[in-house]
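Coordinate analysis (summary)
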Amino acid sequence: MRMESNSKNTLVIVPAFNEEESIGSLIREIRRTVPELAVVVINDGSVDMTAVVARQSGADVLDLPCNLGVGGAVQAGFRYAYEQGYDYVVRCDGDGQHSPDGIATLMEAMNTGEADLIIGSRFLGKNAHISNIVRYCGINVLALLLSAICRKRVTDPTSGFQMMNRQLAYFFSRSYPVDYPEPEALALMRREGYEFMEVSVPFRDRTAGRSTIQGWGTLYYVIKVFLALVVDRARSIDHRFSRANLEGKV
Amino acid sequence: MNPNTLDESVLYFMNGWDSAVTARSAFAIFGVLILILTIRVLWKRDCTFLAATLWLLVGAVSVVFSIIPQPIVDFVSATEYFARIRVIMGGISLLVLLTTLESIRRTKLQERYALLWVVTGLAIFLCAIFPRAVNLFRAVTGMQYVTAVVAVAFTFLVLVAFNFSIAMSAMECDRDKIAQKVAILEARLRELERKIGKDPSLHDEVGDKAAKSGKSG
């Protein structure tokens, strides 16, 4: 029997790297919009006061001793959620690009039980957000490729605003791509038989900090993600972590 | 002397060296000094076999070379280019092999990483001993002897580098797991301390915090 997502069994994870200026207000906002949910900030080896600010704002903190990159940080969150027995995980990036108002939308979609992963998309529906024409084109090309690989329409392949169930959190806690993980993770879970669904969520410009994808990083991003997507297809599927195998076990 | 096998500039230098008595004496004394020091260190047994051998070799060569330069020049010029290259290749391969084995002995290097180095050294060594094998390779590829040896060595060095990349990836994977586990355990420890009424912030690195705030503010 499926369990509804509620206050007791859902964890919000917020990966943050050098976000001391925006993390405090984001956590306060999350606690205001969804006061019943537990919030864990994963401090990815920041050199500023991110961990301290997060604790003062009332969140639990996973203080990683060194910088693992966003993939490693998020994975720590999945692992923590799984070990602590949570049934659902909401991931909300620490740069404040996504409004916590969207969490309710995610939970609603999750409770329909149609998917294991709900992605908060910036480009679905009316509130299409074009920040920069190059980036917009890049994301669209990536979205097309990923849609073809997943055999399902993806509009926002790089979204860091997602919700998943316990099974998928377990799978991701075992294997998750290292850097720029979102598109690859989507392709990986799809191969293991998991379902995803996109919902439209409100979006705003980042309040502080910088995007990790900038300058030469963009080129690296494109090459890395395309290489990973192609090479992953050539890998055999690890059925131990497939949806069918984990059903009712974790 | 055969001018075909010894370069003219070397000959010029050797003629000058023959008459430079002061420089030769200084060089000889320098070599003797090295020999004495090495033997003294060897006597006390506080250096490695490899280092001692190398230093003894350096000392002996400089002494012999400064005392009797002419016979050495004659001897070297009597050999072919090919033979000299083979000797040098053999020397390099022995150096690689000895360094690798010594590093394993001192447990500085794990055997699984040393394997490719040993193979590299052996490959160059075999090239030096059996030039006919290299000749076959040369006939197929059209390379010169030295180029062929370098190509073989280069191939193995690429393999060594690749081996390191794989090792590094595996290590990073392990590091990620350890870091995640540490962070989760720390969070649980804090929770536990909070429950038993102990102030977890006591364990915060106060100096760290001060440094961080100083940096950002």
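The structure under discussion appears in the preceding block.
Scope of this entry: the structure provided in the associated data block. (Residues numbered from 1 in each chain as written. Chains lettered and ligands numbered in written order. Predicted model: local features only at pLDDT ≥ 70, side-chain atom pairs only at ≥ 80, totals over all residues. Heavy atoms only, no water.)

1. Describing the interface of chain B and chain A
Here is the rule we go by: Whether two residues are in contact is decided by their heavy atoms, any of which lying within 4.5 Å being enough. Salt-bridge detection follows one rule: a side-chain nitrogen of Lys or Arg within 4 Å of a carboxyl oxygen of Asp or Glu. Pairing of N or O atoms within 3.5 Å defines a polar contact, subject to two protein rules: one partner must be a possible hydrogen donor and the other a possible acceptor, and residues neighboring in sequence count only if both atoms are side-chain atoms. Note that Gly is not counted as nonpolar here; it falls among the polar residues with everything else outside the nonpolar set of Ala, Val, Leu, Ile, Met, Phe, Trp, Tyr, Cys and Pro and the charged set of Asp, Glu, Lys and Arg.
Chain B puts 19 residues into the contact, and the matching count from chain A is 22 residues. For A:Glu83, the salt bridge is made with B:Lys181, and the minimal N-O distance between the two is 2.8 Å. Run the count over chain B and chain A and you get four residue pairs in polar contact (both at pLDDT 80 or more). For the side of chain B that touches chain A, the class distribution of residues is five nonpolar, three polar and eleven charged.

2. Topic: unusual backbone geometry
Test applied: We call a residue buried when its accessible area falls under 20% of the maximum for its residue type, exposed when it is over 50%, and partly exposed in between, using a 1.4 Å probe and counting protein chains only.
One non-glycine residue, A:Asn18, adopts positive backbone phi at about 50°. Exposure remark for A:Asn18: the relative accessible area of 28% places this residue in the partly exposed category.

3. Some remarks on the environment of B:Cys47
Cut-off, in case you're wondering: Under the scheme used here, helices are H or I runs from DSSP no shorter than 4 residues and strands are E runs no shorter than 2 residues, and both carry numbers assigned from the N terminus.
Inspection of the secondary structure assignment puts B:Cys47 in the loop between α2 (21-44) and α3 (49-67). With residues near it in sequence (within four places) discarded, B:Cys47 still touches B:Val41, B:Leu42 and B:Ala52.

4. Section: the nonpolar core
All names here are of chain A. Test applied: To define a nonpolar core, start from buried Ala, Val, Leu, Ile, Met, Phe, Trp, Tyr and Cys residues and group those joined through side-chain atoms within 4.5 Å.
Within the largest apolar cluster, 46 residues are counted, with the highest numbers of intra-cluster contacts made by Leu62, Phe172, Leu186 and Met189. It is helix α3 (residues 69-83) that contributes the most residues to this core, six residues altogether. Judged by nonpolar contacts, the second largest core, of 30 residues, contains Val14, Leu37, Cys92 and Phe161.

5. Here we look at the side chain of A:Asn165
Locating A:Asn165 in the fold gives a position in strand β6 (residues 161-165). Those residues in contact with A:Asn165 that sit more than four places away from it in its chain are A:Asp87, A:Tyr88, A:Met110 and A:Asp116.

6. Quick notes on the sheet that holds strand β5 (residues 117-121) of chain A
All names here are of chain A. Short version of the rule: We call two strands paired when DSSP finds no fewer than two bridges between them. To get an axis, a line is fitted to the C-alpha atoms, and for a helix only the part in contact is used. The angle between two axes follows their N-to-C directions and goes from 0 to 180 degrees.
Here seven strands make up an open sheet; going across it, the order is β3-β2-β1-β4-β6-β5-β7 and the pairing mixed. Strands at the two margins of the open sheet, each flanked by one partner only, are β3 (60-64) and β7 (196-200). This sheet shows a mean twist of 20° between the axes of neighbouring strands, independent of strand direction. Pairing of β5 with β7 involves five bridges; the strand directions are parallel. By the bridge assignment, leucine 117 is partnered in β7 with phenylalanine 196. Contacts between helix α1 (residues 20-33) and the sheet are confined to β1 (10-16) and β2 (38-44), with β1 contributing the most and set at about 170° to the helix.

7. A closer look at the packing of helix α5 (residues 81-105) of chain B against helix α8 (residues 145-195) of chain B
Residue and element names in this part refer to chain B. Rule in force here: Comment on the angle field: the value is read as roughly parallel under 35 degrees, roughly antiparallel over 145, roughly perpendicular from 65 to 115, and oblique elsewhere. With the far helix as reference, a near helix turned anticlockwise by less than a right angle produces a left-handed crossing, and one turned clockwise produces a right-handed crossing.
Packing of α5 against α8 brings their axes to within 11 Å, and their N-to-C directions diverge by 15°. Relative to α8, the element α5 is oriented roughly parallel. At the point where α5 passes α8, the crossing takes the right-handed sense. Where α5 abuts α8, its residues Phe82, Ile85, Arg86 and Met89 lie against Tyr145, Val146 and Val149.

8. So, the environment of A:Val250
All names here are of chain A. Along the chain, valine 250 turns up in the segment after α9 (243-246). Each C-alpha atom, one on valine 250 and one on serine 57, is 32 Å from the other, the two residues being 193 residues apart in sequence. The residues contacting valine 250, other than those within four sequence positions of it, are Tyr82, Arg166, Gln167 and Tyr170.

9. Notes on a nonpolar patch on the surface
Residues and elements named next belong to chain B. Quick note on the threshold: Patch construction takes residues with relative accessible area above 30% that form no salt bridge. Like charges are linked within 9 Å, and nonpolar side chains (Val, Leu, Ile, Met, Phe, Trp, Tyr) are linked within 5 Å. The method behind every accessible area is Shrake-Rupley, applied with a 1.4 Å probe, and residues are considered shielded solely by the protein chains displayed.
Judged by side-chain polarity, Val146, Val150, Phe154 and Val158 come together as a nonpolar surface patch covering roughly 340 Å² of accessible area. Tracing the chain through its elements places valine 150 in helix α8. Given a relative accessible area of 47%, valine 150 falls into the partly exposed group.

10. Things to note about the packing of helix α7 (residues 131-141) of chain B against α8(B)
Residues and elements named next belong to chain B. For the pair α7 and α8, the least separation of the axes is 9 Å and the interaxial angle reads 90°. Considering the angle they form, α7 stands roughly perpendicular to α8. Between α7 and α8, the residues in contact are Pro131, Val134, Phe137 and Arg138 and Tyr145, Ala148 and Val152, respectively. For the contact of α7 with α8, a count of residues per class yields six nonpolar, no polar and one charged.

11. Focus: the pattern of salt bridges
In the structure shown here, the tally under the stated rule is 13 salt bridges over all chains. Residues B:Asp176 and B:Arg175 are paired through a salt bridge, measuring 3.0 Å at the closest nitrogen-oxygen approach. For B:Asp176, a relative accessible area of 10% corresponds to the buried category. Shared partners join several salt bridges into a network, and the residues in it are A:Arg91, A:Asp93 and A:Glu182.

This is a description of form; function is not addressed.
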